[in-house]
Amino acid sequence: EPGRSTTVTGVVTAPNGTLPLYNAIVYVPDAPLEPLGDGATCDRCGSVSGKPLVSTLTDVNGRFELRDVPIGDKVPLVIQIGKWRRQIELPTVQRCVENPLDDRNLTRLPRNRREGDIPKIAVTTGRCDQLACLLPKLGLDAEEFTPSDGAGRLHLYRGAAHPRSAPIPAPAPSGTRDATDLYGDPARLKSYDILMLSCECGEHEETKPAEAKAALYDFTTSGGRVFASHFHYTWADTGPLSEAAQWKGSEDNPENPPGPYLVDRSFPKGEAFAQWLVAVDATDKLGEVPIAQPRENVGAVYSGAQRWVHSKTQNASWKNEAPQATKYMSINTPVKRPAAEQCGKFVFADMHLYGQDVQPVTGALPDDDFPRSCSSDLTDEEKALAFLFFDLSSCVQDDAKPPTKPIN
């Protein structure tokens, strides 16, 4: 009918079916999808496989409206964020009306390999953070955790023992490979899409020689994605990443009072992050984000890096030296190259994501019962991390500009 469009609407969520996701790509393909493959590959924004007929992006509420959709039965629909990808089939699309997809089980990201594509993720463990539990809490099926030689999409590696005197091994299920097996093998490292580094309660330079740091940076320049928390600043305060920020890392473990801290709303994704946190009830004040256990290891960010979260006031110990301290930042790599030549990402969170410092050996840290040992409900901080995790997973773009949908 003149003036009326055939639309499909819905909400894209994490695999758990409840947490809405921003900046997910939704499109109708006109050709078979190409395999994504495992390992670090260059994924720049602007294109997807399958020759999309129509495409769009989700908003801060995870909602999408796909206009001018082909009418008929068994219409394919693809939902994608980076290497998270799921194709479903719409039973029927009716002409010149809105066709709502109210069943969020249809529009969530895949929980397992049978449902679609999932990035291959390595998580190193440590006694000061529980990053291993984030993926199960976001809805990844338990079957996708396997030892590193298995076909599952989530592999654990045991981080450094702590403390150095009378050390207690980092938590991990029996038989877990040591993280140095990952750091010390560039080919193994590049077989993953995403690397998440849980805080080891210290720098533990004895496990991170210069060769390992170079291999990790090369992993990012090849398209790999790295999430590093707290003491893992040690991967970035030397070498090319050191040019992106004012690194102030210290074994003295400088602490900050609990938040809230401020979201940097000066760039499009930062504004979306602030609005999304309110939409998912992670905060009741626009522009603030809860952080229970912040640290103080980075000041300003420089050209080539993007600040996401920062403190409200200048650190008194840094008078005339540094601005508000950065709590979360991202760096597209290779650093200081044009956006069209960048393939990977390194992000740093100057915080622990859980409520204690050195975690007890028992509790929610990964053990032989992992991932069943993880709780099910996301904390407010985990919700914030989920937004940043899926942004880490997404295609690389110039963050000074708003995200754009793929070219039809």
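Up top you'll find the structure we're talking about.
Residues numbered from 1 in each chain as written. Predicted model: local features only at pLDDT ≥ 70, side-chain atom pairs only at ≥ 80, totals over all residues. Heavy atoms only, no water.

A.B. asks: Tell me what's going on with the state of the cysteines, and back it up with residues and numbers.
C.D. replies: This model, assessed by the stated rule, comprises 4 disulfides. Between the sulfur atoms of Cys128 and its disulfide partner Cys201 the distance amounts to 2.2 Å. When the S-S torsion is 115°, as for the bridge of Cys128 with Cys201, the disulfide is right-handed. Separated by 73 residues along the polypeptide, Cys128 in the loop between strand 8 (121-124) and helix 1 (134-137) and Cys201 in the loop between strand 10 (194-197) and helix 4 (210-221) bring together distant segments of the chain. The burial state of Cys128 is the same as that of Cys201; both residues are buried. Note that Cys133 is cross-linked by a disulfide to Cys374, the S-S spacing being 2.1 Å. An S-S torsion of about -80° defines the bridge between Cys133 and Cys374 as left-handed. Placement of Cys133 in the loop between strand 8 and helix 1 and of Cys374 in the loop between strand 20 (351-352) and helix 6 (380-393) is noted, with a sequence separation of 241 residues between them. Look at Cys374 and you get buried, because its relative accessible area is 12%. Taken N- to C-terminal, the disulfide-bonded cysteines of the protein are connected 1-6, 2-8, 3-5, 4-7. Of all cysteine sulfurs in the structure, the one in Cys128 sits closest to Cys199, which takes part in no disulfide; the separation is 4.7 Å. Overall, the relative accessible area of 0% leaves Cys199 in the buried class. (Disulfide = S-S within 2.5 Å. Helix = DSSP H or I, 4+ residues; strand = E, 2+ residues; numbered from the N terminus. Buried < 20%, exposed > 50% of the residue type's maximum accessible area, 1.4 Å probe, protein only.)

A.B. asks: Tell me what's going on with the side chain of Arg85, and back it up with residues and numbers.
C.D. replies: Inspection of the secondary structure puts Arg85 in strand 6 (residues 84-93). Residue classification places Arg85 among the buried positions, given a relative accessible area of 5%. One polar contact links the side chain of Arg85 to the main-chain carbonyl oxygen of Glu34, over a distance of 2.9 Å. Other than its neighbours up to four places away in sequence, Arg85 contacts Leu33, Glu34, Pro35, Leu36, Ser49, Val78, Ile79, Gln80, Pro110, Gly116 and Asp117. (Polar contact = N/O pair within 3.5 Å; in protein donor to acceptor, adjacent residues only side chain to side chain. Contact = heavy atoms within 4.5 Å.)

A.B. asks: So what about the layout of surface pockets? Which residues, and what values?
C.D. replies: Here the largest pocket is characterised by a volume of approximately 310 Å³. Along the walls of the largest pocket sit 16 residues, with Leu36, Asp43, Ser47, Val48 and Gln80 positioned nearest its centre. A class-by-class count of the residues in the lining of the largest pocket yields 6 nonpolar, 5 polar and 5 charged. (1 Å grid on protein atoms, 1.4 Å probe; cavity = no way out; pocket = protein on both sides within 12 Å on 5 of 7 lines; lining within 4 Å. Points joined across faces, edges and corners; volume = space filled by probe spheres on them. Nonpolar A, V, L, I, M, F, W, Y, C, P; charged D, E, K, R; others polar.)

A.B. asks: Any chance you could break down helix 4 for me, citing the residues and the numbers?
C.D. replies: Between its terminal C-alpha atoms helix 4 stretches 17 Å, which fits the 16 Å expected from 12 residues at 1.5 Å a residue. Restricting attention to buried positions, one finds in helix 4 the residues Ala212, Lys213, Ala215, Leu216, Tyr217, Phe219 and Thr220. Its buried side turned inward, helix 4 meets helix 2 (179-183), helix 3 (186-189), strand 10, strand 11 (225-229), strand 18 (326-333) and strand 19 (344-349). Immediately downstream of helix 4, the backbone of Gly223 shows phi near 115°, a positive value. (Expected span 1.5 Å × (residues − 1).)

A.B. asks: An account of the pairing of strand 18 is needed here, citing residue identities and associated values.
C.D. replies: Most of strand 18 is tucked away: 8 of the 8 residues are buried. By the bridge criterion, 5 bridges tie strand 17 (residues 305-310) to strand 18 in an arrangement that is antiparallel. Following the sheet pairing, Ala305 is matched in strand 18 by Ile331. With 6 bridges connecting them, strand 18 and strand 19 associate as antiparallel partners. Residue Tyr328 lies in a different strand from strand 19, and its bridge partner there is Ala349. (Pairing = 2+ DSSP bridges.)

A.B. asks: Help me get a handle on the packing of aromatic side chains, residues and values and all.
C.D. replies: Under the defined criterion, the tally for this structure stands at 15 aromatic pairs. Ring centres of Trp247 and Phe348 lie 5.4 Å apart, and the angle between their planes is 70°; on these two criteria the pair is classed as edge-to-face. Of the two residues, Trp247 sits in strand 12 (residues 245-247) while Phe348 sits in strand 19, which places them 101 residues apart along the sequence. Judged by its relative accessible area of 1%, Phe348 falls in the buried class. Residues Phe389 and Phe390 carry aromatic rings whose centres are separated by 5.2 Å and whose planes lie at 70° to one another, so their mutual orientation is edge-to-face. A relative accessible area of 4% means that Phe390 is categorised as buried. (Phe/Tyr/Trp six-rings, centres within 6.5 Å; stacked < 30°, edge-to-face > 60°.)

A.B. asks: Would you mind going over the pattern of salt bridges in detail, with residue names and values included?
C.D. replies: For the structure on display, the rule yields 21 salt bridges. Between Arg108 and Glu115 there is a salt bridge; the shortest N-O distance is 2.7 Å. A relative accessible area of 24% places Glu115 in the partly exposed class. Where Asp369 meets Arg372, a salt bridge forms, and the shortest distance between an N and an O atom there is 3.2 Å. (Salt bridge = Lys/Arg side-chain N within 4 Å of Asp/Glu carboxyl O.)

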